[in-house]
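Residues per chain are reported as follows:
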Amino acid sequence: MAVNTFVKDCDDPNPLIRALAVRTMGCIRVDKITEYLCEPLRKCLKDEDPYVRKTAAVSVAKLHDINATLVEEQGFLDSLRELLGDSNPMVVANAVAALTEINESSSTGKPLIEMDTATINKLLTALNECTEWGQIFILDNLSSFNPKDDREAQSICERITPRLAHANAAVVLSAVKVLMKYMEMMGQDTDFVTNISKKLSPPLVTLLSSEPEVQYVALRNINLIIQKRPDILKQEMKVFFVKYNDPIYIKLEKLDIMIRLTSQANIAQVLSELKEYSTEVDVDFVRKSVRAIGRCAIKVEQSAERCVSTLLDLIQTKVNYVVQEAVVVIKDIFRKYPNKYESIIGTLCENLDTLDEPEARASMIWIIGEYAERIDNADDLLESFLDNFNDENPQ
């Protein structure tokens, strides 16, 4: 009875009633109802009102979730593809969203949206007018398109670039994703790529003033971006400095990005920050900060001496977990730069008794073994590790 009422409502003169009827039928997840839904849905996909058409497009995705075979047999996928050329941007966006959702759940793995130049132009035309979530679906589909030449790639980039100023972080990140992909196709040295790189920096920095959850997503994306193109944010080191009230997951992500952006030009600034972080109350963050100093020494050879000096200052604080982490990273520095900083071995040996963590003890044993000929009482020092040998961690 209820289904018959919904079918009748699909012919109601009021477009709002027609849309609500087809949406409600799509939400009733019962196999027997699907056969009643096919005819009203087909009519609504060709309805004169855009609100009804956009609602019907989403209903096709819901119907596919219930009965995928029926959707393919009834030709609804072709109807959705036709909606990509609709005059209303909201209808286009919903058709893209529905096809994307169907594509993700499809077992064939064959893309449902045929990405040619004509389709791309339709999507780009709809991009400026549709809602922010519609823009995200369109941008994600654009990222799977391979332009035939540099000119086409540049044209698409120029039309996408205004999305970088959008208030929604997801739209900004989707636009960045498309631009990064197309920049890769255009080669490294063109003026166009340089200009795009300059435009990417401000929106990414702006995302870091959002709430912590959005910041974290932005930082994870920035981490990937700078691995590919560190030049984009090389002048923005200060925005990644940790604030006292940042949650721990933000602090750790910023720390990783700081190390990736470290260079000869900014190492003094970075080391000063890392030394400050090593006095914080959060033990996990302090440990990561001390390790970061070691990573800087290994990354920027000219700064290694300054990093070792900073680590020695931290060892002098006599804070147990700081000393242990410092010993571990100094071992890595010794391995990277052999026979260069052995003058500090005496200081390390003085702190031997405070080492109680397996990794720190193992690092100290390696240092003593490697530089045994320069340590007068190397055998005595190693003997001190033998007392508890049977109790040591097998790692």
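In this report, we go over the structure that sits alongside the text. (Residues numbered from 1 in each chain as written. Predicted model: local features only at pLDDT ≥ 70, side-chain atom pairs only at ≥ 80, totals over all residues. Heavy atoms only, no water.)

When you go through the chain residue by residue, the secondary structure sums to 21 helices and 0 strands. What you see for the chain is a C-alpha radius of gyration of 30 Å, clearly larger than the 21 Å of a compact globule of 395 residues, by over 25%. Taking the principal axes of the C-alpha coordinates as reference, the chain spans close to 95 × 55 × 35 Å. Of all 395 residues assigned to the chain, the portion counted as buried reaches 48%. Across the chain, every contact between residues at least 6 apart in sequence was considered, and the portion connecting residues at least 24 apart equals 64%. Accessible surface, the chain as shown: approximately 20,100 Å² in total, 49% of it carbon and sulfur. Charge centroids of the chain, computed over 45 positive and 61 negative side chains, lie 6 Å from each other. (Helix = DSSP H or I, 4+ residues; strand = E, 2+ residues; numbered from the N terminus. Rg over C-alpha atoms; globule rule 2.2 N^0.38 Å. Buried < 20%, exposed > 50% of the residue type's maximum accessible area, 1.4 Å probe, protein only. Contact = heavy atoms within 4.5 Å. Areas by Shrake-Rupley, 256 points an atom, 1.4 Å probe, with all protein chains shown as cover. Lys, Arg positive; Asp, Glu negative; His and termini not counted. Charge placed at Lys NZ, Arg CZ, Asp CG, Glu CD.)

This part covers the packing of helix α15 (residues 267–277) against helix α17 (residues 304–316). Where α15 contacts α17, the two axes come as close as 11 Å, and the packing angle between them is 15°. One finds that α15 runs roughly parallel with respect to α17. Where α15 crosses over α17, the two elements pack in a sense that is right-handed. Judged by residue contacts, I267, A268, L271 and K275 of α15 engage R306, C307, T310, D313 and L314 from α17. Looking at side-chain class alone, the contact of α15 with α17 contains 5 nonpolar, 1 polar and 3 charged residues. (Axes fitted to C-alpha atoms, helices over the stretch in contact; angles between N-to-C directions. Parallel < 35°, antiparallel > 145°, perpendicular 65-115°, else oblique. Left-handed = near helix turned anticlockwise from the far one by under 90°. Nonpolar A, V, L, I, M, F, W, Y, C, P; charged D, E, K, R; others polar.)

A few words now on the packing of helix α11 (residues 169–185) against helix α13 (residues 212–228). α13 packs onto α11 with a crossing angle of 5° between their chain directions and a minimal axis gap of 11 Å. Viewed along their axes, α11 and α13 adopt a mutual orientation that is roughly parallel. Contacts between α11 and α13 involve A169, L173, V176, M180 and E184 on the former and, on the latter, V214, V217, N221, I225 and K228. Split into classes, the residues belonging to the contact of α11 with α13 amount to 7 nonpolar, 1 polar and 2 charged.

Take the packing of aromatic side chains next. Across all of its chains, the model carries 2 aromatic pairs by this definition. The interplanar angle of 85° and the centroid separation of 5.4 Å between the aromatic rings of Y216 and Y249 together place this pair among those described as edge-to-face. Taken together, the residues Y216 in helix α13 and Y249 in helix α14 (residues 248–261) connect sequence positions 33 residues apart. According to the relative accessible area criterion, Y249 is partly exposed, its value standing at 32%. Plain terms: the ring middles of Y277 and F285 are 5.4 Å apart, the flat faces sit at 40° to each other, and that makes the pair tilted. Both residues of the pair, Y277 and F285, belong to the buried class. Over the aromatic face of F285 sits the side chain of K251, whose NZ or CZ is 5.3 Å from the ring centroid. Above the plane of the ring of Y337 lies K340, whose end atom (NZ or CZ) is 5.4 Å from the centre. (Phe/Tyr/Trp six-rings, centres within 6.5 Å; stacked < 30°, edge-to-face > 60°. Lys NZ or Arg CZ within 6 Å of the ring centre and 35° of its normal.)

For A165, the position within the fold is in the loop between α10 (150–160) and α11. Residue classification places A165 among the exposed residues on the basis of a relative accessible area of 71%. Taking C-alpha positions, A165 is 42 Å from D11, a pair spaced 154 residues apart along the chain.

Fair warning: the whole summary comes from geometry, so function is off the table for now.
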